[in-house]
Amino acid sequence: MAKKIDLNKTVYELVNEYPELVDIMAGLGFTEITKKPVLNSVGKMMTIPKGAKMKGISMMDVVTAFISNGFELVGEMPAVAFPGAGAEKPAAASAASAEKSVNEEPVEVEEAASSTQPVADNKEAERRTLLKSYLERLRDGEDLETVRADFVENFSGVDASEIMAAEQEMMKEGTPITEVQRLCDIHSALFHGATREEKIANAEKAVQEEMIRKRAQEELAHRDSYPKKVYSDKNQKAAALEAVKGHPLYTFTKENDALAALLEEYKENGTDELFQTLRQISIHYAKKGDLLYPLLKVKYGITGPSDVMWTVDDEIRDEMGDLEKETQRGDEWKQRVEAVLKRADEMIYKEQNILFPICAVNFTEEEWYGIYRDSKDYADSFGVKNETWDEAEDHVTAAAAPAKAGAGEVVMPGGHMTVEQLTALLNTIPGEITFVDADDINRFFDEGPKVFKRPGMAIDRKVFSCHPPKVEPLVRSIIDGFRNGTSDVVPVWMEKGGRTMLVRYMAVRDRDGKYLGTLEFVEDMEFAKEHFLG
């Protein structure tokens, strides 16, 4: 019986069906699949196509690996994009229905970008037609070497990535992926190698090299679209900002100094407690990942740090997390620790001499104010506390307000959205929401079915009128505690309809601590029991 992988199923379901997928997928780069807690949680929500997109793993590589291990693919097959092959379309072809004529599946075509576009389209169409003809000839039983000879004659001057792009178009049009894979046998004839496997491997390597070359060209062209910056004084600019008490670079540098000292101490006295302290590096890296890398990439087109350093940060953090879980801490464990801490030490140098100077040259004062404000949400690392940056504090209120808001939008310090968006967001939160204002008046109930009914006609009434007389004293006591500041949260656990419920009453206060009202939030906690107790 053929082993079938349904791409609509979750990774958890597929691994339970075929345990050997763990090793196959781990080899492709899905390293988290080897961790049971991740497989048992995220794996229950994630499909292979979604995971591949998140991890940046080519679905063509995934498909190739599965087919080579004897699997047959069914379910929704996403479009597989290749750099240089044009923008990916949101179309998807069903692997089960891919046998249908391509005429039944409309193919989206981008509008002509220039007068030369029709010519390019015609050439691409001709190549696809030619490639399909090779498949048809193989299906009709023609000798493989004869088909190869014709292929070499017609495609010897074509980049490998263009051939792969044509194959991708064929998949979008409905050509079964198992047949497209047979083209590897054909176009491998263009590349050196003694065996069929070597030729195919070299062909795929050539495709990857061509993709990298084109990606580099696109990156350089992309960078040219941004204003040029002068980097000759980048180190002086970084040093000046690092000297400003409370500035983000001041704090980042202090954390690096503390980390460097801990690394030296660990070399002399490598205790478990000290290793646990070193794991606070994840806080430092999280701040970089949230506050520095995206701004450099999106606003200034500088992708190197986000593409390279961010990946290394994750690898260091993940490795330290894995090492912390190990119970056998012999020589092999110590060697791994030494290697990962060496990488952490090298990252300190890269931050101070590459990342921070780049940020110093590019970021505006307003952006540094925003980074300062957002950095307050992170825990301290290595004992370094956020100092007050006086200049930024004077701008925090103005910086917190969104610069632009559309007509009719609700404007908040954290952003802005339409009433329709805000309503949908509140209704999406997995719980029942009630807000009572400072005058004890019901002001808001979320929509949808509720365990604790909240009739719409109760809006604008006193909250006490919604409770039976025996409960009213308790409600008054809770709200009085919030109003006079003696309490902020009151959790109440109960059984309702055979299910475990958590009702939390929370004081709602402004930035200065002024009481604005009470939030009641009801959660069905059965999911937690099922998750932790199986």
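As the structure is a prediction and not an experimental result, all values here were calculated from the model.

K.L.:
Help me out: how do you make sense of the overall build of the protein in this one?
P.N.:
A count of helical and extended segments in the protein gives 22 helices and eleven strands. Burial analysis of the protein (534 residues in total) assigns 37% to the buried set. Sequence-distant contacts, at least 24 apart, represent 58% of the contacts inside the protein between residues at least 6 apart. Accessible surface for the protein amounts to roughly 30400 Å². Of this, 53% is attributable to carbon and sulfur atoms.

K.L.:
Even after reading the chapter, I still don't get the pattern of salt bridges, so can you show me in this structure?
P.N.:
Once the charged atoms of two side chains with opposite charge are near each other, the side chains can pair. Under the criterion given, the structure shown has 27 salt bridges. Two residues, Lys-299 and Glu-367, come together in a salt bridge whose shortest N-O distance is 2.5 Å. Here Lys-299 is found in helix H14 (residues 281-300), whereas its partner Glu-367 is found in helix H17 (residues 365-375), with 68 residues between them in sequence. Classification of Lys-299 as partly exposed rests on a relative accessible area of 42%. For Glu-367, a relative accessible area of 14% puts it in the buried group. What emerges from the salt-bridge pattern is a single network uniting Glu-32, Lys-35 and Asp-322.

K.L.:
I would appreciate a short explanation of the nonpolar core in the present structure.
P.N.:
Proteins that are soluble and globular tend to have nonpolar side chains buried together. Counting residues in hydrophobic clusters, the biggest one holds 46 residues, and the most contacted among them are Leu-292 and Trp-368. Among the secondary structure elements, those contributing two or more residues to this core are helix H11 (234-242), helix H12 (248-268), helix H13 (272-278), H14, helix H15 (304-325), helix H16 (331-362) and H17. Per-element accounting of this core gives the leading share, twelve residues, to H16. Setting aside residues up to four positions removed in sequence, Leu-292 forms contacts with Phe-252, Lys-287, Leu-355, Phe-356, Cys-359, Phe-363, Trp-368 and Ile-371.

K.L.:
Would you mind showing me how to read the side chain of Thr-518 here?
P.N.:
Positionally, Thr-518 belongs in strand S11 (residues 515-524). Reaching out from Thr-518, the side chain makes a polar contact with the side chain of Tyr-515 at a distance of 2.7 Å.

K.L.:
Is there a simple way to explain the confidence of the model for the protein in this structure?
P.N.:
Close reading of the predicted structure is inappropriate where its pLDDT is low. The predicted model of the protein averages 78 in pLDDT, with 72% of residues at 70 or higher. Throughout residues 79-117 the model reports pLDDT below 50, and contacts reaching past four residues in sequence, or to other chains, amount to 60 contacts.

K.L.:
Sorry if this is basic, but what is going on with unusual backbone geometry here?
P.N.:
Note on backbone geometry: most residues besides glycine have negative phi, and most peptide bonds are trans. Phi at Phe-382 is positive, roughly 60°, even though this residue is not glycine. By secondary structure assignment, the location of Phe-382 is in the loop between H17 and helix H18 (390-393). Among the residues examined, Phe-382 registers a relative accessible area of 11% and is labelled buried. Backbone geometry places Asp-460, a non-glycine residue, at a positive phi of 75°.

K.L.:
It is not clear to me how the packing of H11 against H16 should be interpreted in this structure. Could you clarify?
P.N.:
For any two helices packed against each other, one specifies the inter-axial angle together with the distance between the axes. Two numbers describe how H11 lies on H16: the axes approach to 8 Å, and their chain directions differ by 85°. By the angle between their directions, the pair H11 and H16 is classed as roughly perpendicular. Two secondary-structure elements touch here, H11 through Lys-234, Asn-235, Lys-237, Ala-238, Leu-241 and Glu-242 and H16 through Gln-352, Asn-353, Phe-356, Pro-357, Ala-360 and Val-361. Residues of the contact of H11 with H16, tallied by class, amount to six nonpolar, three polar and three charged.

K.L.:
Sorry, what's going on with the pairing of strand S7 (residues 432-437) here?
P.N.:
On a regular strand, each side chain points to the face opposite its neighbour's, so the side chains alternate between the two faces of the sheet. Burial analysis of S7 places five of its six residues in the buried class, which makes it a mostly covered element. Of the pairings in the sheet, the one linking S7 to S11 comprises six bridges and is antiparallel in character. Looking at the pairing, Thr-434 lines up with Glu-520 of S11. Examined bridge by bridge, S7 and strand S8 (residues 442-445) share three bridges and lie antiparallel to one another. Directly across from Thr-434, in S8, lies its bridge partner Phe-445.

K.L.:
Got a minute to help me understand the sheet that holds S7 in this structure?
P.N.:
With respect to topology, five strands assemble into an open sheet ordered S8-S7-S11-S10-S9, the strand pairing being antiparallel. Among the strands making up the open sheet, the edge pair consists of S8 and strand S9 (489-496). Recorded for the sheet is a direction-independent mean angle of 15° between the axes of neighbouring strands.

K.L.:
Explain the pairing of S9 to me, please; I cannot follow it from the model alone.
P.N.:
Of the pairings in the sheet, the one linking S9 to strand S10 (residues 499-509) comprises eight bridges and is antiparallel in character. Of the residues in S10, the one forming a bridge with Glu-495 is Thr-500. Where S9 folds back on S10, the antiparallel hairpin that results is connected by two residues, among which Gly-497 adopts a positive phi of roughly 60°.

K.L.:
Quick question: what am I supposed to make of the packing of aromatic side chains here?
P.N.:
Any two aromatic rings considered together are summarised by their centre-to-centre distance and by the angle between their planes. Under the definition given, this model contains eight aromatic pairs. Ring centres 5.3 Å apart and planes at 40° place the aromatic pair Tyr-293 and Trp-310 in the tilted group. You can see Tyr-293 sitting in helix H14 and its partner Trp-310 sitting in helix H15, a full 17 residues away along the chain. When its relative accessible area of 0% is taken as the criterion, Tyr-293 is described as buried. Note on Trp-310: relative accessible area 29%, which makes it partly exposed. Measuring from centroid to centroid gives 5.8 Å for Tyr-372 and Trp-389, while their planes differ by 85°, and the two rings are edge-to-face.

K.L.:
Explain the packing of H12 against H16 to me, please; I cannot follow it from the model alone.
P.N.:
At a closest axis distance of 11 Å, the pairing of H12 and H16 adopts a crossing angle of 155°. Of the possible angle classes, the one that applies to H12 and H16 is roughly antiparallel. The two elements H12 and H16 meet at a crossing, and its hand is left-handed. In this structure, H12 contributes Leu-249, Phe-252, Thr-253, Asn-256, Leu-259, Ala-260, Leu-263 and Tyr-266 to the contact, and H16 contributes Trp-333, Val-337, Leu-341, Ala-344, Asp-345, Ile-348, Glu-351, Gln-352, Phe-356 and Ala-360. Residue composition of the contact of H12 with H16, grouped by class: 13 nonpolar, three polar and two charged.

K.L.:
So what exactly am I meant to see when it comes to a negative patch on the surface here?
P.N.:
On the surface, Glu-365, Glu-366, Asp-390, Glu-391 and Asp-394 cluster together into a negatively charged patch. For the negative patch, the secondary-structure elements that each account for two or more residues are H17 and H18. With respect to the helices and strands, the residue Glu-365 is situated in helix H17. On the accessibility criterion, Glu-365 (35% relative accessible area) is partly exposed.

K.L.:
Explanation requested: the environment of Trp-333 in the structure shown.
P.N.:
Mapped onto the elements of the fold, Trp-333 is located in helix H16. In the structure, Trp-333 is positioned ten residues away from Leu-323 in sequence and 7.2 Å away in space, judged by C-alpha atoms. Beyond its immediate chain neighbours, meaning those up to four positions away, Trp-333 contacts Tyr-266, Leu-323, Glu-326 and Gln-328.

The rules we used
- Residues numbered from 1 in each chain as written.
- Predicted model: local features only at pLDDT ≥ 70, side-chain atom pairs only at ≥ 80, totals over all residues.
- Heavy atoms only, no water.
- Helix = DSSP H or I, 4+ residues; strand = E, 2+ residues; numbered from the N terminus.
- Buried < 20%, exposed > 50% of the residue type's maximum accessible area, 1.4 Å probe, protein only.
- Contact = heavy atoms within 4.5 Å.
- Areas by Shrake-Rupley, 256 points an atom, 1.4 Å probe, with all protein chains shown as cover.
- Salt bridge = Lys/Arg side-chain N within 4 Å of Asp/Glu carboxyl O.
- Core = buried A, V, L, I, M, F, W, Y, C linked by side-chain atoms within 4.5 Å.
- Polar contact = N/O pair within 3.5 Å; in protein donor to acceptor, adjacent residues only side chain to side chain.
- pLDDT = per-residue confidence, 0-100.
- Axes fitted to C-alpha atoms, helices over the stretch in contact; angles between N-to-C directions.
- Parallel < 35°, antiparallel > 145°, perpendicular 65-115°, else oblique.
- Nonpolar A, V, L, I, M, F, W, Y, C, P; charged D, E, K, R; others polar.
- Pairing = 2+ DSSP bridges.
- Phe/Tyr/Trp six-rings, centres within 6.5 Å; stacked < 30°, edge-to-face > 60°.
- Left-handed = near helix turned anticlockwise from the far one by under 90°.
- Patch = residues over 30% accessible without salt bridge, like charges linked within 9 Å, V, L, I, M, F, W, Y side chains within 5 Å.
- Lys, Arg positive; Asp, Glu negative; His and termini not counted.
- Charge placed at Lys NZ, Arg CZ, Asp CG, Glu CD.

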